[in-house]
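# Commentary on secondary and tertiary structure
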Amino acid sequence: REIEKQRREIDSVNKRLDGIRVLHGAEIDIRADGKLDLSNDVLKRMDIVMASLHSALKSERNTDRIISVMENSNVDIIAHPSGRLIDKRDVTALDMPRIVDKALETGTILEIDAQPDRLDMNDLNAKAAVAAGCKISIDTDAHSADQLKWMGIGVSTARRGWVKKSDVINTYKLDKMLKML
């Protein structure tokens, strides 16, 4: 299976690296029925699991779908919660206060996706999340190395939302971050 092959390759690389650790993780789709597209047996062996909506984005159940997967102890981060693609796909209707409350209850991290077509979670939602006590991750959703340059966009979004360095898990030392996951 491809995921097991990835795990073996990452383990092999980590044995050769000094001072750097490669994590094994994945962004997992939250299916229309609210279930994840990989089994818990697979997910529990990963270092980091992000769950996100990619389908059925017009469903009135999207808040419930997200909340349901936050109850799964294998899910660490909710990625780009609204599913928007600027000028391509509108924001899905979500009850962000409920999502923030559940994230706080479960310790699930909420993502600011700096990809210019997404810019999701926005500054207002990030501000509400950190005011409630939630932690944030900022990433580029990069599909190639040249897209890593988008990180500044995510940081700017976080700053507009009054997100502090202490609120952002990717600013933590690895051991501290892994304890949160």
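A few points on the structure. This is a predicted model, so every value here is computed, not measured.

### Quick look at the pairing of strand β5 (residues 136-139)
Working note: regular strand, side chains alternate between the two faces of the sheet. With burial as the criterion, each face of β5 is covered, one bearing I136 and I138 and the other bearing S137 and D139. Sheet topology places strand β4 (residues 109-113) next to β5; four bridges connect them, and they run parallel. By the bridge assignment, D113 is partnered in β5 with D139. Where the polypeptide runs from β4 across helix α5 (residues 123-132) and back to β5, its parallel neighbour, the crossover connection is right-handed.

### Remarks on unusual backbone geometry
The peptide bond linking D120 to M121 adopts the cis configuration, its omega dihedral lying at 25 degrees. Here M121 shows up in the loop between β4 and α5. Of note, L119 is a non-glycine position whose phi angle comes to about 45 degrees, a positive value. Here L119 is to be found in the loop between β4 and α5. The phi angle at W162 is positive, at roughly 60 degrees, despite the residue not being glycine.

### Here we look at the sheet that holds strand β1 (residues 25-30)
In spatial order, the strands read β1-β2-β3-β4-β5; together these five strands make up an open sheet with parallel pairing. Pairing within the sheet leaves two strands with one partner each, and these edge strands are β1 and β5.

### Quick word on the side chain of T92
Position of T92 relative to the elements: it lies in the loop between β3 (77-78) and α4 (96-106). By relative accessible area, T92 is classed as buried at 4%. Engagement of the side chain of T92 in a polar contact is seen with the side chain of N62, the distance being 2.5 Å. Discounting chain neighbours no more than four positions away, the residues touching T92 are L53, L57, K58, S59, N62, P81 and S82.

### With respect to the pattern of salt bridges
Applying the stated criterion across every chain, the model contains 14 salt bridges. A salt bridge links R98 to D64; the shortest N-O distance between them is 2.9 Å. Linking R98 in helix α4 with D64 in helix α3 (residues 62-70), this pair joins segments that are 34 residues apart in sequence. On the basis of relative accessible area, R98 is assigned to the partly exposed category, the value being 38%. Here D117 makes a salt bridge to K88, at a shortest N to O gap of 3.2 Å. In this pair, D117 is assigned in the loop between β4 and α5 and K88 in the loop between β3 and α4, connecting sequence segments 29 residues apart. D117 sits in the partly exposed class, given a relative accessible area of 29%. Among the residues examined, K88 registers a relative accessible area of 61% and is labelled exposed. Via salt bridges that share partners, R7, D11, R21 and D47 belong to a single interconnected network.

Criteria and cut-off values
- Residues numbered from 1 in each chain as written.
- Predicted model: local features only at pLDDT ≥ 70, side-chain atom pairs only at ≥ 80, totals over all residues.
- Heavy atoms only, no water.
- Buried < 20%, exposed > 50% of the residue type's maximum accessible area, 1.4 Å probe, protein only.
- Helix = DSSP H or I, 4+ residues; strand = E, 2+ residues; numbered from the N terminus.
- Pairing = 2+ DSSP bridges.
- Right-handed = clockwise from strand over helix to strand, strands pointing away.
- Polar contact = N/O pair within 3.5 Å; in protein donor to acceptor, adjacent residues only side chain to side chain.
- Contact = heavy atoms within 4.5 Å.
- Salt bridge = Lys/Arg side-chain N within 4 Å of Asp/Glu carboxyl O.

That's the geometry; what it means functionally is another story.
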